[in-house]
Amino acid sequence: MPRALAPQHPEWVTSVSVGATAKLAATGCADTRARLWSLEAGSYSCLRVIEHGGGSGLARIGWISTRLVGRASRLGEGMEALLVGGQDGLAKLWCLPTFDQLKESQVAKPECVANFSHGQTVRGIAAPADISFIASAGGRTAESVVIWWPDPLGSIEKSESS
């Protein structure tokens, strides 16, 4: 039998994406928040709320579909990443704790590790598993663009080595 998650959202749900392990899902809402959901044993419980901010709703959620690999793994062993795009024109990369950490500890929280200014509503967002680039798409009809953000982790690496 279908199960409704919408009562947890005070406004329109704008996007949904399921993680690679099929244990987590993320939803985006017009209230500027993303929610992480447990899909374990059909529990469908909200584990965390991510504050995007910006004063206008979320337009898209994009899951980086595999465990962080290569140089991206320094963000945390076994962690996954979530891309969030908003109507405020911002795209954000969030590093997520493991499913077990999210489920067992209220201390384990997603961390925003990078912000990108698309300039207009982000209507699509994606990245490969190694996060070698991020693509954001959006805008308004005549002004729609796709922006390729090369090496989004480069600024994080530079600040850590300083």
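Everything numeric in this text was worked out from a predicted model, so none of it was measured.

Now for the packing of aromatic side chains. The geometry of an aromatic ring pair is captured by the separation of the ring centres together with the interplanar angle, meaning the angle of the planes. Taken as a whole and judged by the stated rule, the model has 2 aromatic pairs. Centroid distance phenylalanine 116 to tryptophan 149: 5.2 Å. Interplanar angle 45 degrees. Geometry classified as tilted. In this pair, phenylalanine 116 sits in strand 8 (residues 111–117) while tryptophan 149 sits in strand 11 (residues 145–150), placing the two residues 33 residues apart along the sequence. Each member of the pair, phenylalanine 116 as well as tryptophan 149, is classed as buried.

Read from one edge to the other, the open sheet built from 4 strands follows the order 5-6-7-8, with strand pairing classed as antiparallel. Whereas interior strands pair on both sides, the edge strands pair on one side only; in this sheet they are strand 5 (58–64) and strand 8. Averaged over all pairs of adjacent strands, the angle between their axes in this sheet comes to 20 degrees, without regard to strand direction. Inspection of the sheet shows strand 7 (residues 90–96) paired to strand 8 by 6 bridges, in the antiparallel sense. Note on strand 8: the bridge partner recorded for leucine 90 is serine 117.

Before going further, it helps to spend a moment on the pairing of strand 7. Within strand 7, 6 of the 7 residues are buried, which leaves the element mostly enclosed by the surrounding structure. Two successive antiparallel strands, strand 6 (residues 80–86) and strand 7, enclose a turn made up of 3 residues, where glycine 89 displays a positive phi of approximately 85 degrees.

Phi is positive for threonine 32, close to 75 degrees, though the residue is something other than glycine. Classification of threonine 32 as buried rests on a relative accessible area of 12%. Unusually for a residue other than glycine, aspartate 151 sits at a positive phi of about 45 degrees. In this fold, aspartate 151 is placed in the loop between strand 11 and helix 2 (154–161).

About the criteria used
Residues numbered from 1 in each chain as written. Predicted model: local features only at pLDDT ≥ 70, side-chain atom pairs only at ≥ 80, totals over all residues. Heavy atoms only, no water. Phe/Tyr/Trp six-rings, centres within 6.5 Å; stacked < 30°, edge-to-face > 60°. Helix = DSSP H or I, 4+ residues; strand = E, 2+ residues; numbered from the N terminus. Buried < 20%, exposed > 50% of the residue type's maximum accessible area, 1.4 Å probe, protein only. Pairing = 2+ DSSP bridges. Axes fitted to C-alpha atoms, helices over the stretch in contact; angles between N-to-C directions.

The analysis is restricted to geometry; functional conclusions fall outside its scope.
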